[in-house]
Amino acid sequence: MPPVIDEKKCTGCGICYRNCPGDLIGMNKKKKKAQVLYPDECWHCGVCRMDCPEQAVTIVFPLEML
Amino acid sequence: MLTKPKRETILTDLLIIGGGAAGCMAAIGAKEQGDLDVTVLEKAEISRSGDIGAGNDHLLAHLNSGEPWDTDEAMSDYYSKLSQGLVDVRIARRLHLSRIKDIVDKLESYGIEMRDPATGQYIRTQSFGQPGPYFINFKGKNIKPVLANEVKKRGVKVLNRINVSRLLMNGKKAVGAAGFNVRNGNFCTVRAKTTLLATGDAVRLWPNASGLPFNTWQSPFNNGAGHAMAFRAGASLANMELTVNTLVPKGFSAAGLNAFMGMGATLVNSLGERYMQRVHPMAEGAPRYLLTLGTYRELKEGRGPCYVDSRHLSKETMDYLVTRLLPVDKDTFMIFCNQKGLNLEKDLLEIDISETQIAGITGSVSGIVIDETGKTTVDRLYAAGACTVPSYALSGALATGYTVGQEAAQVALNISEAGGSPREEIEKEFRAIYAPLKRKQGIPYPRLENKLRQVMADYVGDIKTEKGLKTGLEKLRALEAGMDEVKAENYHELMRVAEMKDLLLVGKLVATAAAERKESRMGSAHVRGDYPATDDDHFHGSMILKKGRGNTIRVTFEPADKIS
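Residues numbered from 1 in each chain as written. Chains lettered and ligands numbered in written order. Predicted model: local features only at pLDDT ≥ 70, side-chain atom pairs only at ≥ 80, totals over all residues.

As a further point, take the overall build of chain B. Along the backbone of chain B there are 17 helices and 22 strands. Compactness check: chain B gives a C-alpha radius of gyration of 22 Å against a globular reference of 24 Å for 564 residues, within 12% of the reference. Seen through its principal axes, chain B has C-alpha atoms that stretch 65 × 55 × 50 Å. Across the 564 residues that make up chain B, the buried fraction comes to 57%. Within chain B, residue pairs in contact and separated by at least 24 positions form 74% of the contacts whose partners lie at least 6 positions apart. (Helix = DSSP H or I, 4+ residues; strand = E, 2+ residues; numbered from the N terminus. Rg over C-alpha atoms; globule rule 2.2 N^0.38 Å. Buried ≥ 20, exposed ≤ 12 C-beta atoms within 10 Å, placed from the backbone. Contact = placed C-beta atoms within 7 Å.)

Glancing now at the environment of Leu 247 of chain B. Residue and element names in this part refer to chain B. Within the element layout of this structure, Leu 247 appears in strand 11 (residues 247-249). On the basis of neighbour counts, which here come to 23 C-beta atoms within 10 Å, the residue Leu 247 falls in the buried class. Counting along the chain gives 107 residues from Leu 247 to Ser 354, while the straight-line C-alpha distance between them is 5.8 Å. Dropping the residues within four chain positions of it, Leu 247 is found in contact with Leu 257, Leu 291, Thr 292, Thr 295, Ile 351 and Ile 353.

Judged from the 4 bridges that link them, strand 2 (residues 25-28) of chain A and strand 3 (residues 33-36) of chain A form a sheet pairing that is antiparallel. In the strand pairing of strand 3 of chain A, Gly 26 of chain A is matched with Gln 35 of chain A. (Pairing = 2+ DSSP bridges.)

With that out of the way, let us pick up the domain arrangement of chain B. All names here are of chain B. Assigned domains within chain B: domain 1 (247-353) and domain 2 (426-538). Using C-alpha coordinates to define each centre, domain 1 is positioned 31 Å away from domain 2. A class-by-class count of the residues in the side of domain 1 that touches domain 2 yields 4 nonpolar, 1 polar and no charged. (Domains from an automatic or database assignment. Nonpolar A, V, L, I, M, F, W, Y, C, P; charged D, E, K, R; others polar.)

Moving on, we get to the sheet that holds strand 4 (residues 123-125) of chain B. Residue and element names in this part refer to chain B. Taken in spatial order, the 3 strands make up an open sheet running 3-5-4, and their pairing is antiparallel. Lying at the two open borders of the sheet, with one neighbouring strand each, are strand 3 (58-60) and strand 4. Taking each pair of neighbouring strands and ignoring which way they run, the sheet shows an average axis angle of 35 degrees. Direction of pairing for strand 4 relative to strand 5 (residues 135-137): antiparallel, over a ladder of 3 bridges. Residue pairing in the sheet places Ile 123 in a bridge with Asn 137 of strand 5. (Axes fitted to C-alpha atoms, helices over the stretch in contact; angles between N-to-C directions.)

The next subject is the pairing of strand 1 (residues 7-17) of chain B. Residues and elements named next belong to chain B. The pairing of strand 1 with strand 9 (residues 187-197) spans 10 bridges and is classified as parallel. The residue bridging Thr 9 from the neighbouring strand is Thr 189, located in strand 9. Judged from the 4 bridges that link them, strand 1 and strand 2 (residues 38-41) form a sheet pairing that is parallel. Within the sheet, the bridge partner assigned to Leu 14 lies in strand 2 and is Val 38.

All names here are of chain B. Here we have 4 strands laid out as an open sheet, ordered 15-10-21-22, and antiparallel in their pairing. Because the sheet does not close on itself, it has two edges, and the strands there are strand 15 (367-368) and strand 22 (553-559). Where strand 21 (residues 541-547) meets strand 22, 7 bridges bridge the pair, whose relative direction is antiparallel. The residue of strand 22 that forms the bridge with Met 543 is Phe 557. Here helix 15 (residues 491-516) sits on the sheet in contact with strand 10 (237-238), strand 21 and strand 22, set at roughly 50 degrees to strand 22.

What follows deals with the interface of chain A and chain B. By a frequent convention, interface size equals the accessible area lost on bringing the separate parts together. Between chain A and chain B, the contact holds 22 residues from the first and 27 residues from the second. Elements represented by at least two residues in the side of chain A that touches chain B include exactly helix 1 (15-19) and helix 2 (47-51) of chain A. By residue number, the principal contributor to the side of chain A that touches chain B is helix 2 of chain A, which donates 3 residues. Tallied by class, the residues present in the side of chain A that touches chain B amount to 12 nonpolar, 4 polar and 6 charged.

Residue and element names in this part refer to chain B. With 194 residues, the main nonpolar core has Ala 26 and Leu 196 as its most contacted residues. Ranked by residue count, the leading element in this core is helix 15, at 16 residues. Formed jointly, this core draws a minimum of three residues from each of two domains, domain 1 (247-353) and domain 2 (426-538). Sequence-distant contacts of Ala 26, defined by excluding residues within four places in its chain, comprise Ile 16, Leu 196, Ala 198, Ala 384, Gly 401, Tyr 402, Val 404 and Gly 405. (Core = buried A, V, L, I, M, F, W, Y, C linked by C-beta atoms within 7 Å.)

All names here are of chain B. Summarising the element assignment, Asn 137 is placed in strand 5. Looking at Asn 137, the number of C-beta atoms within 10 Å reads 25, which means it is buried. Sequence separation of Asn 137 and Tyr 402 is 265 residues, and the distance between their C-alpha atoms is 21 Å. Look past the residues within four positions of Asn 137 in its chain and what remains in contact with it is Asp 57, His 58, Ile 123, Thr 125, Arg 324 and Leu 325.

This is the structure we're talking about:
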């Protein structure tokens, strides 16, 4: 689960959805929050983390990589 | 429910496919040529796409400072040596090497901090067999949003989230491209006077040790689309069998090796011995393909694991490494170290050999063949950056992008009309793109893509043989037939299916050329178990790949003395 989005901090601004180079993040319309849809396709580039204005994104490296 | 794809047709003068470092500079260079319409089709979002989407900390550059190693000649010699004479240096000089200083100045003028603000000087470091400190360490975390902004400022039309799958042809001329929007599914055709491919590397074709295929050194979203589209359109490609890999932290295929080597870290085996002196007189300063070969030998001969040792670095150097270099080259590098419990001041960093890829790194010699103007062997089709032969690293992407953008724009300005392509060709592509969505049953795309990587690793991997490559090619052809059964649930998945089609073709090109190159060359780039020695008498040159009759792959050999 590389990017973990803190739903309490996420304001649903959509910047991570706009910028993710792999198109892995979607917007949950009901909750109005960003949601990681394809965690297995993450490059761990950190764009979502860097660009989040609320610091709601944490990169959690999966077990296989540690 | 998925929305039904709408059709969009765009008319432009110059179409640039790919909005990474090369594509951005191509758009900027093109707009300087006069009043023409420039369109960029980008698969992701232009401000964060490509290999440097999340930043870069170093730029390979000579600066003509007056030092003997700091000239066009010295950089050309270094490049010639690394690429073993397989690249026409005249082309590299015109499109890339002679433009580097200009590119550094341009980046600075865009507001990127290229110098140390305290001294006003460039911070320059040496690694990878360079005759002098060719890497400028710079503050490049935001290089991509800055470049994207420069593109937009110039009135370039940027369409994000478009996966381009096919070049449109009018006879033997390229007249644009077709693809689809990976978010809303809309089918997009662009008619253009000239078309420029700036699609980057071909990654994700080989597995890596973590078992996570998108955990790659260069961007995993670079799927060799330009290579594949150019080949299908009849363009020549070279040396696809000479692949690249690097050394990465165990478990994490992250960039950063140059930073460690440039700051004076060493490589040691499990006995605590430095082993690179046995491979090259410059030891850890050796070219990258020898660092990987040296490490490969240590591992295979039973002296592994291997490590980067940075414990002897001064506090000042270490601070610089962990704050200014590693987390800029790869934003999440230090997060990884923290989660792994690693302290680089006290601990050895275990390393591994990365997955293999076709990438435009320094000394790589594979890709689309281009001439001194950046034109491919197909009329009106241009290419720049990592997908071409004579471009390397970020500096190559920026410089060839800029130069070839100018050339393609000049040609476009002299063409009165784009010209169309046959309607049935476009309809055929339309049906092919969306077919996986219509299947009620089928194989999910990750399974087929994993199978592709398995075949590449088993038969087109580390050590290749005649029989293995033949088997590999048979299996790749069988997989190609299996593409008719692949299923996609949505437009994101449809993008992955389209990417896999390109990867599969690139895999076939690699295997076909590797079978013809009956020698071993460039360290870990191409190792044949049945021909372990380098055979300059017969193979000092390039394997040229071109589409033959009935979708066959034709390979010819071009000796190096004919190239340079």
